[in-house]
Amino acid sequence: MPDISSTVAPPPVIHREDYRPPEWLVPDIALDFALDPAATRVRARLEVQRNGEHAHPLRLDGDGLVPLSVLVDGAPLADSWRLDGGALLIDLPGDTHIVETEVEIAPEANSQLMGLYASGGLLCTQCEAEGFRRITFFPDRPDVLSRYTVRMEADRTRYPILLANGDPVGAGELGDGRHWAEWRDPFLKPCYLFALVAGDLVANRANFTTRSGREVDLAIWVREADLPKTDHAMAALKASMAWDEHVYGREYDLAMFNIVAVSDFNFGAMENKGLNIFNSRYILADPETATDADFDAVAGVVAHEYFHNWSGNRVTCRDWFQLSLKEGFTVFRDQCFSADQGSAAVKRIEDVRCLRAAQFPEDAGPLAHPIRPESYIEISNFYTATVYNKGAEVIRMLRTMLGAERFRQGSDLYFERHDGTAATCEDFVRAMEDASGEDLTDFRRWYSQAGTPRVKASLSHDAPGGRARLELEQTVPATPGQPEKLAMPIPLRIALFGERSGEIFGGEQLVLLDDEKHEILFEGISERPILSINRGFSAPVIVETNRTADDLAFLSAHDDDPFARYEAMQQLMLDTLVARIAHGSADHAPVIQAVRDTLADPALDAAFVAEAVLLPSESFIGDQMPLVDPDAIHRAREALRTDLGRSLLTDWREAYAANAANRYEYSPTAKGARRLRTVSLGYIAASGAADAPALAFDQFGQADNMTDRQGALGVLANSMSPEREKALAAFYERYRGDALVLDKWFTTQALSTRDDTVEQVERLAAHPDFTIANPNRLRSLVGAFAANQRAFHDLAGRGYRFLADMVLRVDRLNPQTAAKLVPPLGRWRRFDATRAARMRAELERVLAAPDLSRDVFEQVSKSLA
Ligand code: ARG
Ligand code: ZN
């Protein structure tokens, strides 16, 4: 293994335990931007204040900045400042001073998309977590809160619109075709919430009256051509504002709320105070170009960023180890919002599917970390499914344990106590504890321990005695740096169903498994009971039970908790698939029967049925196995798909016909019908029916919406039929001018189950429309491909080489986005010796590359350890 440690010092590790309060505060800052894509001049005027008794210099973080001038109290103090790393150190005699600096930056050369950068003719910013130091010298940490005044000047023709946080306080003309605008944000904020945007934008405008009667002007700013695609986001914004008042008692606090959509963005969106900046894929939606899933994602992200105004902005994080304080809580809030807008059951199924696809593997691999990490090299690597999605599950467990009313009292207390300050996860838990009177000492382990707990549940029945006994046992697996674990308090919603009567014995119970072992006795159990456990997915754990295929089939038909019902079907499918992979054959009959019954149940809505009849993904099947065999998994899953397709062909055709619509409509019912229709089409194709490609091509061609069109394209993309190429070509021609839709064209091919997907992906990487400079396009091909288990794990290692090459290329432009591509290679321990060696070899090749970023270094070195 190449040794780089002897030549380059490894980047420093930051530890949570080392937190110290800031030595200098900045109560007030005035920024002055002379905007220009090639050379923007930034002048900053900071009022600084010594914090506590110490004689340390003022330290202002900087990344790639050169001070053109430094003034203290108006005077150029020649040798009282120096540079240390990128930071500016200034010796200051007194306790308060005015410090002024001037720098020049080049937004159009900023390929990292952190700090001030250019995107499609706009200038915009992204500062979270540590991008502000790429704009000006400043103590770049979330516990330094300041009042901001921002003045911008720019060319009027290129940049007619100038936006920043807070309220506009002045604007005017300058000579030479330039103009200026000034904004002031009355709220204290950390610098990661700073934002500005300059560009030729138009707004979708609306207004909202808060419940106390405050009028708020809402605007969603986009390029003119995109204006018709902003109504859905606007409706979601208004709904979010009303929801937060109603559910959390939280009102908006400025006279204006602006959202800007940009096409080059490292992640989803950013909650800058009063000026949210979004990846355009989470704003723009119309039926022709966005699927139902896209519409849902737009509403969910708009809500998420809006909710941050309280959970993130009014109360922010003391340090970045507390990230889940705002992210876990805000994801939980947006999940509940979406559940309230549509089908709560389907939303819960989607959220759990996402947790299992992204977070469980993370928690089981070399990058596992608690939702409140203990250390990091690069904080950008910790915007993870663990911090976000497991963080949301932890908040959800609190609500489950305390009940909705006490949970609300806790959140009220939290907001009231910490408003205007930078808080910790501990502060949140203490507010919940104080408001509820509940002792949450052990519950704090969810913040400190990584790893997904496993719960073994075995139910036995003593028929003559009319008693049942449920034995529960938990284990929390070892994770990097945490070999030993303490038992977690696990809230499990449980019910027992009578096998013959179908009745629940005594209603649902909430059991808190807070020890390694726990036993529960049930009396009056007159017939054999069937266990329904972790209903609603009440805890983010893996449950193993001694339930038979018949028990699972029973629950999939009778459980009154929709999530448990879905879960029973999934478990039945998984057990069948795992058995087939292990023994080469398995009895498909119970799955087929259960799917038939589900399709025929008139009480179920189409959206739920579509979720329930889908087979678990190949990756999720792999997660159940000690060693993942991608080819065997693929064969077993395809065999079951084919069998389901053939055995139920008439049922699928009926469902397909019954769920056809005459005209597009956006409603929960219509969405469910579209989903079930395309799922049915997939099974008809899996059956090998001769007319399947023609049927899919018809759907593709006749669709009046993207959900149906992309659904059909996805089915065709897996086929060897001539219709496949025809549809791909037609899709390309129709949408080549629309970047977000073209992303779908790349993704659909990268996710194909065909044998030649690796070759196709390599070919697509050379397509003129492919670029690694745009994160959406990069993810649409490379990210999607790495999630295609069988194609990525091509035995010859072509997928691994492709991904490692991409990591190296992207790292030179955009380290944060490059680092996000690493985790699939880090899963090598879960694969056979040949694959593991090839994956390791690629990681080592990346690690040996010169000038690796801290971002990629951290992910690769941890993946090899
Ligand atoms: N706070 C933003 C959000 O959740 C995401 C910021 C991501 N930053 C990063 N460095 N990855 O809405
Ligand atoms: Zn967030």
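In this text, all values refer to a predicted model and were calculated from it rather than measured experimentally.

Peer 1: Which parts of the structure should I look at to understand the overall build of the chain?
Peer 2: Helices and strands together make up the secondary structure of the chain, namely 27 helices and 30 strands. For 865 residues, the compact-globule estimate of 2.2 N^0.38 gives 29 Å, and the C-alpha radius of gyration of the chain, at 28 Å, lies within 12% of that figure. Along the longest, intermediate and shortest principal axes, the C-alpha atoms of the chain span 90 × 65 × 65 Å. When burial is assessed residue by residue, the chain has 51% of its 865 residues classed as buried.

Peer 1: Can you help me understand the site of ligand 1 in this one?
Peer 2: Near ligand 1 you find E128, A129, F267, G268, A269, M270, E271, H304, E305, E327, S380 and Y383, and these make up its full shell. Those elements giving two or more residues to the shell around ligand 1 turn out to be β19 (269-270) and α2 (292-307).

Peer 1: Looking at this structure, I do not really get the confidence of the model for the chain. What am I missing?
Peer 2: Low-pLDDT stretches of the model should not have their predicted coordinates read in fine detail. On average, residues of the chain score 97 in pLDDT, and 99% of them are at 70 or above. Counted against residues more than four places away or in other chains, residues 1-6, with its pLDDT under 50, gives seven contacts. Taken together, the chains of this predicted complex give a pTM of 0.98 and an interface ipTM of 0.98.

Peer 1: What's the story with helix α10 (residues 562-583) in this structure? I'm lost.
Peer 2: For an α-helix, the turn length of 3.6 residues means that residues three or four places apart are oriented alike. For α10, spanning 22 residues, the distance from its first C-alpha to its last is 32 Å, which sits close to the expected 32 Å at 1.5 Å a residue. Among the 22 residues in α10, 16 count as buried, and that is most of the element. Downstream of α10 by a residue or two, G584 has a phi angle that is positive, lying close to 80°.

Peer 1: Would you mind showing me how to read the UniProt feature "domain: Peptidase M1 membrane alanine aminopeptidase" (unreviewed entry) in the chain here?
Peer 2: Those places that UniProt annotates as "domain: Peptidase M1 membrane alanine aminopeptidase" (unreviewed entry) correspond, in this numbering, to residues 233-446. Along residues 233-446 the backbone is 55% helical and 10% strand, and the end-to-end C-alpha distance reaches 34 Å.

Peer 1: In this structure, what is going on with the UniProt feature "domain: Peptidase M1 alanyl aminopeptidase Ig-like fold" (unreviewed entry) in the chain? I would like to understand it.
Peer 2: The sites that UniProt annotates as "domain: Peptidase M1 alanyl aminopeptidase Ig-like fold" (unreviewed entry) are residues 451-545. As annotated, residues 451-545 comprises 0% helix and 51% strand, and the C-alpha atoms at either end are separated by 20 Å.

Peer 1: Looking at this model, I keep getting lost on helix α9 (residues 549-558). Mind explaining?
Peer 2: Here α9 has its buried residues at D551, L552, A553, L555 and S556. For α9, the secondary structure elements touched by its buried residues are β29 (529-533), α10 and α11 (589-600).

Peer 1: How do you make sense of the sheet that holds strand β16 (residues 202-209) when you look at a structure like this?
Peer 2: Strands belonging to one sheet form pairs held by backbone hydrogen bonds; the direction of such a pair is parallel or antiparallel. Taken in spatial order, the five strands line up as β16-β17-β18-β20-β19 in an open sheet, and their pairing is mixed. Unpaired on one side and paired on the other, β16 and β19 mark the two borders of the sheet. Of the pairings in the sheet, the one linking β19 to strand β20 (residues 275-279) comprises two bridges and is antiparallel in character. Of the residues in β20, the one forming a bridge with M270 is I277. Along the sheet, helix α1 (residues 231-248) makes contact with β16 and β17 (215-222), crossing β16 at roughly 25°.

Peer 1: Just checking my understanding: could you explain the packing of helix α17 (residues 692-702) against helix α18 (residues 706-717) for this structure?
Peer 2: Between two packed helices, the angle of one axis relative to the other and the distance separating the axes together describe the packing. The N-to-C vectors of α17 and α18 enclose an angle of 150°; their axes lie 8 Å apart at closest approach. What the angle tells us is that α17 and α18 run roughly antiparallel. In terms of crossing hand, the pair formed by α17 and α18 is left-handed. Facing α17, whose interface residues are P693, A696, F697, Q699 and F700, α18 presents D708, R709, A712, L713, V715 and L716. The class makeup of the residues in the contact of α17 with α18 is eight nonpolar, one polar and two charged.

Peer 1: Any chance you could explain the packing of helix α16 (residues 668-686) against α18 here in plain terms?
Peer 2: At a closest axis distance of 10 Å, the pairing of α16 and α18 adopts a crossing angle of 15°. Considering their axes alone, α16 and α18 lie roughly parallel with respect to each other. Considering only the axes of α16 and α18, their crossing is right-handed. For the pair α16 and α18, contact is made by R674, T678, L681, G682 and A685 and by T707, D708, G711, A712 and V715, respectively. Considering only residue class, the contact of α16 with α18 consists of four nonpolar, four polar and two charged.

Peer 1: Teacher, can you tell me more about unusual backbone geometry here?
Peer 2: Residues apart from glycine generally show negative phi values, whereas peptide bonds are mostly found in trans. The omega torsion across E128 and A129 is 0°, close enough to zero to call that bond cis. As for its placement among the helices and strands, A129 is situated in the loop between β10 (122-126) and β11 (146-155). In this model, N534 sits at a positive phi of 55°, which is unusual for a non-glycine residue. By the secondary structure assignment, N534 is in the loop between β29 and β30 (542-545).

Peer 1: Sorry, what's going on with the pairing of strand β6 (residues 81-84) here?
Peer 2: In the sheet, β6 pairs with strand β7 (residues 87-90) via four bridges, with the strands oriented antiparallel. Looking at β7, one finds that R82 is bridged to L89. In this antiparallel pair of consecutive strands, β6 and β7, the connection spans two residues, and G85 shows a positive phi of 65°.

Peer 1: Looking at this structure, how should I read the sheet that holds strand β27 (residues 509-513)?
Peer 2: Read from one edge to the other, the open sheet built from three strands follows the order β27-β26-β29, with strand pairing classed as antiparallel. The strands lining the two open edges of the sheet, one partner per strand, are β27 and β29. This sheet shows a mean twist of 35° between the axes of neighbouring strands, independent of strand direction. Here strand β26 (residues 490-498) pairs with β29 via five bridges, running antiparallel. Along β29, the bridge assignment pairs L496 with L531.

Peer 1: For this particular structure, what's the right way to read the environment of R724?
Peer 2: Within the secondary structure, R724 sits in helix α19 (residues 722-735). Of the residues examined, R724 has 21 C-beta atoms within 10 Å and is grouped as buried. The sequence separation of R724 and I520 amounts to 204 residues, and the corresponding C-alpha distance is 56 Å.

Peer 1: Hey, could you run me through the environment of A55 in this one?
Peer 2: Mapping A55 onto the fold places it in the loop between β3 (40-50) and β4 (58-60). Classification of A55 by C-beta neighbours within 10 Å gives exposed; the count is 8.

Peer 1: Any chance you could explain the environment of S111 here in plain terms?
Peer 2: Structurally, S111 is set in the loop between β8 (96-105) and β9 (115-119). A C-alpha to C-alpha distance of 46 Å links S111 and N662, two positions 551 residues apart in sequence. Here S111 is in contact with A773, L813 and N814, once residues within four sequence places are set aside.

Reading the values: rules and limits
Within every chain, residues take consecutive numbers counted from 1 along the sequence as written. Chains and ligands are labelled by the order in which they are written, letters from A for the one and numbers from 1 for the other. Per-residue local features of the predicted model are confined to residues with pLDDT of at least 70, and side-chain atom pairs are confined, for both listing and counting, to 80 or more; whole-chain, interface and lining totals are unaffected and use all residues. Per the convention used, a helix needs a DSSP run of H or I reaching at least four residues, while a strand needs a run of E reaching at least two, with both numbered from the N terminus. Computation of the radius of gyration draws on C-alpha atoms, with the globule rule given as 2.2 Å multiplied by the number of residues to the power 0.38. Residues are called buried when their C-beta atom has 20 or more other C-beta atoms within 10 Å, exposed when it has 12 or fewer, and partly exposed otherwise; all C-beta atoms are positioned from the backbone. Whether a residue is near a molecule or strand depends on its C-beta atom, generated from backbone atoms, being within 6 Å of that molecule or strand. Values of pLDDT, the confidence the predictor places in each residue, fall between 0 and 100. We call two residues in contact whenever the C-beta atoms placed from their backbones are within 7 Å. To estimate how far a helix should reach, multiply one less than its number of residues by 1.5 Å. UniProt positions are given in the numbering used here, feature names are shortened, and annotations may be inferred rather than shown by experiment. Two strands form a pair only when DSSP identifies at least two bridges running between them. Note on geometry: axes are C-alpha line fits, over the in-contact stretch for helices, and angles between N-to-C directions span 0 to 180 degrees. Put simply, angles under 35 degrees are roughly parallel, angles over 145 are roughly antiparallel, angles from 65 to 115 are roughly perpendicular, and the rest are oblique. Here is the rule for handedness: rotate from the far helix to the near one, and if that takes an anticlockwise turn smaller than a right angle the crossing is left-handed, while a clockwise turn gives right-handed. Three classes are used: nonpolar for Ala, Val, Leu, Ile, Met, Phe, Trp, Tyr, Cys and Pro, charged for Asp, Glu, Lys and Arg, and polar for all others, with Gly counted as polar.

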